[in-house]
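# Structure at a glance
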Amino acid sequence: MRDMTTMTRSYQVRAIDQAVATALREIDDAGRRPRLVIDHDGGSPLRCCLRPAQRHEPILLASYAPLRRWAREMAVDPGGYDEVGPVFIHPQPCAGPAGDRLPAQLFTTRRMLRSYAGDGAILGDRIVEPDEDPEQVVEQVLADSRVAVVHARAIEFGCFTFEVRRSGTTAIAGRRP
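Conventions used here
Residues numbered from 1 in each chain as written. Predicted model: local features only at pLDDT ≥ 70, side-chain atom pairs only at ≥ 80, totals over all residues. Heavy atoms only, no water. Buried < 20%, exposed > 50% of the residue type's maximum accessible area, 1.4 Å probe, protein only. Helix = DSSP H or I, 4+ residues; strand = E, 2+ residues; numbered from the N terminus. Arc of directions from axis to C-beta. Contact = heavy atoms within 4.5 Å. Polar contact = N/O pair within 3.5 Å; in protein donor to acceptor, adjacent residues only side chain to side chain. Core = buried A, V, L, I, M, F, W, Y, C linked by side-chain atoms within 4.5 Å. Pairing = 2+ DSSP bridges. Salt bridge = Lys/Arg side-chain N within 4 Å of Asp/Glu carboxyl O. pLDDT = per-residue confidence, 0-100. Axes fitted to C-alpha atoms, helices over the stretch in contact; angles between N-to-C directions.

Our focus in this paragraph is helix H3 (residues 134-142). Along H3, the residues that are buried comprise Pro134, Glu135, Val137, Val138, Val141 and Leu142. The buried residues of H3 occupy one face: seen down the axis, they fall within an arc of 160°. In this structure, the buried residues of H3 make contact with strand S1 (11-14), strand S7 (111-117), strand S8 (122-128), strand S9 (147-154) and strand S10 (160-166). Where H3 starts, the residue carrying a side-chain oxygen 3.0 Å from the main-chain nitrogen of Glu135 turns out to be Asp133.

This is how it looks when you write it as structure tokens:
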């Protein structure tokens with residue numbers, strides 16, 4: 001895999017916003033209290049800081065609706081594409097991601113980049129293989145001018161991993177207006 005310390009600045013990678021993570025620690029997007037679990041093996045992707053959990057690290061399992069939150073910010077209706085799925089976050093506030101770069105450690109397995117139009121409709125998806133340069137794939141997806149937002153998802157369970165937006169987009173992932 002290529003070194004991901006240099007990236008094209010045409011997009012930003014966004015973890016779950018810290019204010020949203022705080023809310024999810026109380027009641028998740030399915031209306032339930034999140035579940036505290038111990039990641040005995042380590043490696044579960046934490047969506048609040050975009051790093052894998054350490055061995056035996058306590059983490060929260062919560063339901064999250066990323067497109068619903070984005071659509072609310074954009075004043076559009078996601079319709080049937082409004083998915084709620086599981087995510088892992090820290091049980092306590094954390095420092096968040098180290099920057100807005102693609103998290104290389106989360107591309108050691110296949111990921112799906114699902115793209116959505118400005119009205120919340122799904123446009124398509126693209127699998128990123130571990131031997132591909134994810135930066136190039138993100139750039140290819142964003143080359144379609146209809147794409148307003150991209151969600152990276154795990155292949156195995158379909159879980160939301162992080163959001164990608166073009167640089168200069170003002171709304172913040174997961175923040176309620």
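Grouped together as the largest cluster of nonpolar side chains are 18 residues, with contacts concentrated most on Leu113, Phe162 and Val164. Listed by contribution, the elements that provide at least two residues to this core are S1, H3, S9 and S10. Tallying contributions element by element places H3 first for this core, with four residues. For Phe162, the residues in contact, after removing those within four places along its chain, are Val13, Arg14, Leu50, Leu102, Pro103, Phe107, Val150, His151 and Ala152. Judged by nonpolar contacts, the second largest core, of 14 residues, contains Ile16, Leu46, Ala53 and Leu60.

Our next topic: the pairing of S8. The pairing of S7 with S8 spans six bridges and is antiparallel. The residue of S8 that forms the bridge with Ser115 is Gly124. Counting the residues between successive antiparallel strands, the hairpin from S7 to S8 contains four residues, one of them, Gly120, with a positive phi of roughly 90°.

What follows is about the pattern of salt bridges. Taken as a whole, this structure holds eleven salt bridges when the rule is applied. In this structure, Glu129 engages Arg110 in a salt bridge whose closest nitrogen and oxygen atoms are separated by 3.2 Å. Highlighted residues: Glu129 in the loop between S8 and H3 and Arg110 in the loop between strand S6 (85-89) and S7, separated in sequence by 19 residues. The exposure class assigned to Glu129 is partly exposed, which follows from its relative accessible area of 30%. Given a relative accessible area of 36%, Arg110 falls into the partly exposed group. A salt bridge links Glu163 to Arg165; its shortest N-O distance comes to 2.5 Å. For Arg165, a relative accessible area of 0% puts it in the buried group. In this structure, a network of salt bridges that share partners links the residues Glu73, Glu163 and Arg165.

As a further point, take the confidence of the model for the protein chain. A low pLDDT means the predicted coordinates there should not be read in detail. Model confidence for the protein chain is summarised by a mean pLDDT of 87, while 89% of its residues fall at 70 or above. Counted against residues more than four places away or in other chains, residues 1-8, with its pLDDT under 50, gives 20 contacts. Segment residues 170-177 is flagged for pLDDT under 50; beyond a separation of four residues in sequence, or across chains, it makes 26 contacts in the model.

Let us now look at the sheet that holds S1. Taken in spatial order, the five strands make up an open sheet running S1-S10-S9-S7-S8, and their pairing is antiparallel. The sheet is open, and its two edges are formed by S1 and S8, each paired on a single side. This sheet shows a mean twist of 25° between the axes of neighbouring strands, independent of strand direction. When S1 meets S10, the two strands line up antiparallel, connected through four bridges. What sits directly across from Gln12, in S10, is Arg165. H3 contacts S1, S7, S8, S9 and S10 of the sheet and is inclined by roughly 165° relative to S8.

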